[in-house]
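An overview of the molecular structure
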Amino acid sequence: MKCSTFTLLTALAILLQITGLSLFILGFFPIKPALSGVSGPESFRPPSCASTEDQNHTALHPHQLKSFYQKLSEIPPSYDRLILLVIDGLPAEFVLGRDGQPPSKPLKDAMPYTQSLLASKMALGYHAKAAPPTVTLPRLKAMTSGSISGFLDVLFNFNTQAFLEDNIIGQFFRIGWKMLMLGDETWLKLFPGLFTRHDGVSSFFVKDTVQVDHNVSRHLSYELYKDDWNLLILHYLGLDHVGHLGGRSSVMMGPKLREMDEIIKMIHLSTIQSQESDHRRTLLVVVSDHGMQENGNHGGSSYEETDSLALFIGPGISHVSPTYDTINQVDITPTLALLFGIPIPKNNAGHLIADLFHPLEDHQLLRAMELNSWQLLRLLQAQATDSTCGSLEDASSSLYLDAAALHGSWKSKNVLRSASGNDLKSTVLAYTEFLTTASDQLSHTATDKPIGLLVSGIMTMLLSCVMFMGLLYKVGQEVYPNKQVHKFQLSEALIGGIIVIIVLSMGSSSLVEEEQYLWHFMTSTFFLVLLHQTIKSNTGNRTSQLFSIAVILISGRILKGWHQGGVNWTHLPDISKSLEILGSPYVKLLQIISILLVITLCLYTLSSLRSRGSFVILIGLSYLCTGLLVLHYVIKYQGSESETGTSDNDAIVAVRLIYGLIITSVTVTVIASPWFMSFKSKDLVSVIKDSLYLSGTTYMFGWCFLQLLLQQPVNSMVISLLLVQIVATIYYASHGGSDVKQWVEIAAIYYLGMAGHFSLGNTNTLATIDVAGAFIGISSHSTVLSGVIMFVITYASPMLALLSMVMSVSVKEINIILKNREVNTGQLVKIILGFLCLVPLGLNSVLLVAYTIILLLMRNHLFIWTVFSPKYIYVVVTTVCVLVGVLIVASTVTYVISTAAFLRKKKVYGGRR
């Protein structure tokens, strides 16, 4: 097969993979369908087949529309003004406790005023369960529209667009409310042009825990004094940032809670004063968008992440005894809509919080429940596309009819003054049962998925996978003699066996959550098999090989114990937790050791190059300087930002200097290597090997120094041990002669990269993504830059494995592969590059296709959005990682070979002249 044909077929297979993946994602993760338009006067009438939206109300003046709604609702607004205080990332258990137990004494002492309000029954608190994904954007949409956001809102969280779905913010605007917003700029992007005054701050620059809240509080006294607004939204981000930086137990958490408590106190006292002076009734609602795990991250579906707060403070609340029950976060929407006399948004799936309506008269309470029931019934009818209007025959519909009948009976008896308390109680219970059932049904309704589109995507990816495997087999035939193609050793068979076991495990939600155990076990098993084969083998340098495998296995055992558990076993002790308990001095000492180990390995690796010269010495000096700069940054700056809460300009400059030095060193080395090596040797193969060796070395160690800068301090030793494992694997293969096939070596390195991914604390939940590290060296928020750095941190290990393959091919005995063959430059590129590209692409393609099929089969599974879909996002991004890594490797090898061949031709041509 010609090199051009090989390249075209590989590119076509990649294109088919991307196309199939895109088709499947579009089909499986559609934007959640929503009813168009906004609720109006029709929402105050019973649903019917002939009901249409009343267009006459759009011509009304906002104040007339407000009066019109109040007349139709038959419920006087309970409050005149609303203050919505969002404390980002605050777990409800910090305020309300957990499992019937009050919060711990330090937490209670941190918020004394809030606790006094709860104790005196002047505040009503709830655990508001947030639906995953537990990130800000979908949670704000849920609280303002009552709808369950689509899963891909976790991606839109980084690029917020205007929210076009019916919501209470838009409803308030239509009745002429003046609205202010201070805090997270996500509100301004969701509701552009609706706020009279605003001051937004970026929600993603998590290094800032002080200024981000000061920017909100500096306006607060002035705005509370003003009387020209109806809605004031305050969104404080500092507590969430504290969590990202130091976790729930951060030393900054107590002071931040006290700061929030002072804000609540200031607002509450101001509302009391306002009520006494001008009789305006203000409702203060304190909410959090989500909770956080012990390490401060969020995004998944654990109790700690979904346990958000809903705290209601205002006149009338004192009539209700606190229960600290659990509600759904979407229940906030209909509750606020009914309390303030506006239509409930069309796509609301929540039900009103009945405790807040107890101060109303009996008929007003039932009217509120009736309005909520009508709205939910309309939504149920709209989603039941296979049924005739008004002919729903499910449990929720019969429950509604029962509640409506009891309500009608109560009305008749009430007119005759014969209604009893039991009649009212029965009606309330009937409405409550319908509202709860309908809300649950709407919340768990699966979105229809276009099966044709999904199958097309899978078939396209499957074709791509077959092409990768076919090309891999063809390259194997060309690289090795025919007699060796079908001769498999146990270690080679195990390469395929590992993939089969991983694929079979994907159908179990528990194994998906704890996937790291499989990777650690399978990689350890593979190297134990290699150890057995090495002991029995009589070829190669057995002593060196045995030592290499021992280093790999010992390092692997340490890495396995570094981070314990994926989801269910995170509470178990591990090395990282022990280090954190010992304190930062021990962690920093380990960082210093790790950096020195990487520097030593780098200099030793460069010194092993046969063709040493000034260029190699220059490269060694550049990486020595890089390592020392990283060491200087760790000793002087790392940790100072966490303690002060402010960004240090000197630290940012130091990080940017390291960024620049790494990028410059890598770029210059890769580009200049074949040119300098060509002056050292006339042998084309030697020039190619030495150039690839230098390029691979600079990739590996440049990446490691970058990771030592970006990763959590406790993960520094993980990076150095991963590097040791990969170098030892390359060393093992280079001393194994022809016994160790190139594709086996590449697969082994790929598996080490996957196991290392979990050793760094990554899991298949979104909560373990390190958001804080994405802002190292950035002085202001940039979605693109922070996104790239987040990718670099998350996929540190797989990318290190891919980049190391450039070095791995450089130490292979290429002359053996080329023995008795006349090859041109194209053939040389194909033979050297074939396995480097096709093994990672093929292995990843098998996993991608297999998990895509499993995801389709599991589309109605209970854990589809909490376990399988987050895992699929990781599978997709891993595919991106593999494509990027293979592109870098392919570009480097092609450039080195082409340049070396060109210089050799030029030298030969010049010599003949």
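Up top is the structure these notes are about.
So, here is what we can say about the structure in this document. Owing to the predicted nature of the structure, the values given are computational and were not obtained by experimental measurement. Going along each chain's sequence as written, the residues are numbered from 1 onward. Residue-level local features of this predicted model are given only where pLDDT is at least 70; pairs of side-chain atoms are given and counted only at 80 or more, and the full residue set underlies all totals for whole chains, interfaces and linings. Note that the side-chain values use all heavy atoms of the structure and ignore hydrogens as well as water.

Here the focus is the nonpolar core. Take the buried residues of types Ala, Val, Leu, Ile, Met, Phe, Trp, Tyr and Cys, join any two whose side-chain atoms come within 4.5 Å, and each joined set is a nonpolar core. The cut-offs for exposure are 20% and 50% of the maximum accessible area for each residue type, with area from a 1.4 Å probe on protein chains only; residues under the lower value are buried, those over the upper are exposed, and the others partly exposed. With 168 residues, the main nonpolar core has F24, W519, F526, Y633, I688, F705 and Y872 as its most contacted residues. Every helix listed is a DSSP run of H or I at least four residues long, and every strand listed is a run of E at least two residues long, numbered separately from the N terminus. By residue number, the principal contributor to this core is helix α35 (residues 825-857), which donates 19 residues. If you look at the next biggest cluster of nonpolar residues, it comprises 73 residues, including L124, L140, I342 and W410.

For the rest of this paragraph, the subject is helix α11 (residues 238-246). Most of α11 is tucked away: 8 of the 9 residues are buried. Restricting attention to buried positions, one finds in α11 the residues G238, L239, D240, H241, V242, G243, H244 and L245. Contacts between residues were defined by any pair of non-hydrogen atoms, one from each residue, lying within 4.5 Å. Tucked into the core, α11 has its buried residues touching β1 (81-87), α10 (211-225), β5 (231-236) and α12 (253-278). Looking one or two places after α11, you find G247, whose phi comes out positive at around 80°.

Before going further, it helps to examine the sheet that holds β1. Two strands qualify as a pair provided DSSP detects at least 2 bridges between them. Within the open sheet, the 8 strands sit side by side as β4-β3-β5-β1-β6-β7-β2-β8. Their pairing is mixed. Single-partner strands in this sheet number two, and they are β4 (197-201) and β8 (326-328). Strand-to-strand twist across the sheet, computed as the mean angle between neighbouring axes with direction ignored, equals 20°. As judged from the 6 bridges shared by β1 and strand β6 (residues 282-287), these two strands associate in the parallel manner. Bridge pairing in β6 places L82 opposite L283. To obtain each axis, a line is fitted to C-alpha atoms, and for helices this fit is confined to the stretch in contact; angles are then taken between N-to-C directions over 0 to 180 degrees.

Although it is not a glycine, E74 sits at a positive phi angle of roughly 65°. Its place among the elements puts E74 in the loop between α2 (62-73) and β1. The class of E74 is partly exposed, set by a relative accessible area of 49%. The phi angle at D99 is positive, at roughly 55°, despite the residue not being glycine.

Between Lys or Arg on one side and Asp or Glu on the other, a salt bridge is scored when a side-chain nitrogen of the former is within 4 Å of a carboxyl oxygen of the latter. Scanning the model with the defined rule gives 17 salt bridges in all. With its nearest N and O atoms 3.2 Å apart, the salt bridge here joins E93 to R248. Linking E93 in helix α3 (residues 93-96) with R248 in the loop between α11 and α12, this pair joins segments that are 155 residues apart in sequence. Take E93 and R248: they sit in the same class, and that class is buried. A salt bridge links D166 to R174; the shortest N-O distance between them is 3.7 Å. By relative accessible area, which is 1% here, D166 ends up buried. It is possible to trace a salt-bridge network through shared partners that takes in E93, R98, D99, R248 and E304.

Moving on: the pairing of strand β3 (residues 179-184). Burial analysis of β3 places 6 of its 6 residues in the buried class, which makes it a mostly covered element. Relative to β5, β3 runs parallel, the two being bridged by 5 bridges. In the strand pairing of β5, G183 is matched with H235.

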